[in-house]
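Structural overview
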Amino acid sequence: MDILKFLTAGSVDDGKSTLIGRLLYDSESILQDQLEALQASNRKNDDGTIDLAILTDGLKAEREQGITIDVAYKYFQTEKRKFIIADTPGHIQYTRNMVTGASNADLAIILIDARKGVIEQTIRHSYLVSLLALQHVVVAVNKMDMVDYSEEVFNNIVKDYQAMAAKLNLNEVSYIPVSALKGDNIVHESVNMIWYQGKSLLDHLETVPVAIDDSTDHARMPIQWIIRPQTEELHDYRGYAGRVASGSFKVNDAITVLPSGFSSTISKIEFFDQEPAEASAGMSVTVHLADEIDISRGDTLVNAKYLPTVSQLIEADLCWMDTKPMDASLTYLIQHNSKTTRCKISDVLHKVNINTLDKVSAESFNLNDIGRVVIKTADPLAFDLYQENKANGGAILIDSRTNLTVGALMFRANAD
Amino acid sequence: MSKNKLNYLDDLEAEAIYILREVAGQFEKPALLFSGGKDSITLVRLAEKAFRPGKFPFPLVHIDTGHNFPETISYRDEMVDRIGEKLIVGYVQDDIDAGRVIEQKGKNASRNSLQTVTLLNTIEKHKFDACIGGARRDEEKARAKERIFSVRDEFGQWDPKRQRPELWNLYNGKIHKGENVRVFPISNWTELDVWNYIRRENIALPSIYFAHQRDVITRNGQLMAAAKALNMDSEDVIERRNVRFRTVGDMTCTAAVESDAFEIDDIINEISESKISERGARMDDKVSEAAMEDRKKGGYF
Ligand SMILES: Nc1nc2c(ncn2[C@@H]2O[C@H](COP(=O)(O)OP(=O)(O)O)[C@@H](O)[C@H]2O)c(=O)[nH]1
């Protein structure tokens, strides 16, 4: 059993909360005391059924109080999979929230109100999903009960969406007609839409394959910590601790340490009381090298045959996340895996109007702005392009005056 | 050239180890808050996996209310002996004696809220800049939106209006002097995940987690251990029942549930049948819906 992380995106009142509530309720993922609280609540739907949106309600209250809640996480599990839902509320800061939620998700559910079809917000949500390079997209056409469960309405929306998806390079898209309120095709297959041959939403979520990239060409392990017991019997012990970000390392692999460029071979891989022959993406291990070389936190181990780019000048997409606008005269901190160094935004190439996807010229970025910039870093970074290897292609910007995380960067090209 | 993701427990474990190593790498003086409960016991095992054969780059810190279950304290001492790591204990009694806090009176008196003060004093005294805790997001609504690295100001307060976005697995641990960060490596674990992990790793737990015979009284509709700390009087009827505890907090605020779960497998079955969520068994949360949020803003774990 593995974990699928997904997020839901939709405009206000498309039925996001109802959909999540329905998913939890029908998959029997609600605990007894939560259920009692739900039943005790006096909020009911028009037909007297429980308002399932209450399950994600904490967030609505906060929205009203103006609290910055970018993502709330929900957990549920079926016999096939464990799920982590990133629920991203907040409308003013929607971009920031959705980018945060999407950065950790394998899949996005994009909600469309069957009565409205593909609207401006749908374009925006889909753009963000493609920007963050999510593996899978599910378009859930909701409120089918309000369009008489019409196959034609559904097909037209699918056609419209496909046209847009092609422009955004979204390839793995599935389409499901649902009614979150009535429960059609959420967990149980719908009896009202026998024309639909596909899976219910939960069935899809349970079976969609989430692959990890464990090719040797993307073998990357950022060093987090060096284990040196310095006891008598372990006098020469020196283990490099980290989590394999992508790809796979094996004992006897030739490796290079970046940015220094020193080379060695892996002599041993340790995991507590085990010595695995291989460490692949996602594993936290301790690596030993045949040679004594100078390595510290912030360095990256890579397969010697497949080096990432090492550069101090990087073209990147930037999503601005702070209420203070970006200031090109400032020096920011950039955190890329275990490496933190200073940087400047040396050039702003364009901003994107995320409702029309037009590129517009710009000098600065305000909260929720997205666009292309060139970053100049104090120390070189060993990175991959985000679209090719997410795990080594993203970074955050930190304002050293406030220490807040102010920007998300997706590396797109070496600008050197 | 791709294969499936790690098994979910391996995945959660690897993530937690990664987070612990980030703490080691990013902070000068971290600490691991050890409550004696199953979540912090799990953290200790994860720390062993993250740092052995080296020492932990942090001490364990326990806030002792003086009303802990004796089983928890003896478990703690045996464990510290076994792993050979440093333990720092902050005593709520010391703050009471020094007049820094005033003990509640009456039947429902609890030292639970006082431990926040002792915790903050302990953090200040040792100048800890990061405190690792075993909170999980599935425990309670207010925790669902908690960050993995959560910044607290000098007064231990959590400001929900200034939370930092957490992107990918990049945790921003930059803080100003006087601030500290609470770090939650098992944020993404559910109660069931923790139990499954404990079973898989064969981790010993304090005996109160398992069904046993105990004298209990009923307070506010919940079963409580019949202990001196509960200020019992003639109205309290002591009964002997088969119970276990789902959390090991202070005796004054940790309710027992009737149970025949003598073995870990029984417990896992009991939870899988999902009767009542874990925090449903803690009286301090019942006080108000927003209780957790308020305590968090005030510096509680
Ligand atoms: N008829 C119908 N109403 C729905 C459906 N899903 C949600 N709603 C209603 O739409 C309104 C907004 O839903 P909510 O889940 O709160 O939307 P959110 O703002 O996206 O979280 C509520 O009144 C829901 O009852 C559906 O499938 N059919």
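A brief report on the enclosed structure follows. (Residues numbered from 1 in each chain as written. Chains lettered and ligands numbered in written order. Predicted model: local features only at pLDDT ≥ 70, side-chain atom pairs only at ≥ 80, totals over all residues. Heavy atoms only, no water.)

This paragraph deals with the overall build of chain B. Counting secondary structure elements, chain B contains 9 helices and 11 strands. For chain B, buried positions account for 64% of its 301 residues. Taking the contacts inside chain B whose residues are at least 6 apart along the sequence as the reference set, 73% of them involve residues at least 24 apart. Surface accessibility of chain B: about 11,800 Å² in total, with carbon and sulfur atoms responsible for 49%. (Helix = DSSP H or I, 4+ residues; strand = E, 2+ residues; numbered from the N terminus. Buried < 20%, exposed > 50% of the residue type's maximum accessible area, 1.4 Å probe, protein only. Contact = heavy atoms within 4.5 Å. Areas by Shrake-Rupley, 256 points an atom, 1.4 Å probe, with all protein chains shown as cover.)

Residue and element names in this part refer to chain B. Where helix H2 (residues 38-51) meets helix H6 (residues 191-201), the closest approach of the two axes is 11 Å, and the angle between their N-to-C directions is 55 degrees. With respect to H6, the element H2 is oriented oblique. Judged by the twist between their axes, the crossing of H2 over H6 is left-handed. Residues Lys-38, Asp-39, Thr-42, Arg-45, Leu-46 and Lys-49 of H2 pack against Glu-191, Val-194, Trp-195, Tyr-197, Ile-198 and Glu-201 of H6. Counted by class, the contact of H2 with H6 contains 5 nonpolar, 1 polar and 6 charged residues. (Axes fitted to C-alpha atoms, helices over the stretch in contact; angles between N-to-C directions. Parallel < 35°, antiparallel > 145°, perpendicular 65-115°, else oblique. Left-handed = near helix turned anticlockwise from the far one by under 90°. Nonpolar A, V, L, I, M, F, W, Y, C, P; charged D, E, K, R; others polar.)

Turning our attention to the interface of chain A and chain B. Facing the 76 residues of chain A at the interface are 61 residues of chain B. Both faces considered, chain A and chain B share a buried interface measuring about 5,900 Å² in area, 56% of it formed by carbon and sulfur atoms. Counting across the interface, chain A meets chain B through 21 residue pairs in polar contact (both at pLDDT 80 or more). The residue makeup of the side of chain A that touches chain B, split by class, is 37 nonpolar, 26 polar and 13 charged. (Buried area = accessible area lost by both parts, 1.4 Å probe. Polar contact = N/O pair within 3.5 Å; in protein donor to acceptor, adjacent residues only side chain to side chain.)

In this section: the side chain of Ser-40 of chain B. Tracing the chain through its elements places Ser-40 of chain B in helix H2. Not counting chain neighbours up to four residues away, the residues in contact with Ser-40 of chain B comprise Leu-33, Phe-34 and Ser-35 of chain B.

Here the focus is empty space enclosed by the protein. All names here are of chain A. Per the stated rule, a full pass over the model turns up 4 cavities of 30 Å³ or more. Of the voids in this model, the second largest cavity is the one considered here, and its volume is about 60 Å³. What lines the second largest cavity is simply Leu-258, Pro-259, Gly-298, Thr-300, His-336, Asn-337, Lys-339, Pro-380, Leu-381 and Ala-382. The class makeup of the residues in the lining of the second largest cavity is 5 nonpolar, 4 polar and 1 charged. Counting contributing residues, the lining of the second largest cavity receives three or more from each of domain 2 (220-303) and domain 3 (309-414). (1 Å grid on protein atoms, 1.4 Å probe; cavity = no way out; pocket = protein on both sides within 12 Å on 5 of 7 lines; lining within 4 Å. Points joined across faces, edges and corners; volume = space filled by probe spheres on them. Domains from an automatic or database assignment.)

None of this, on its own, says anything about what the molecule does.
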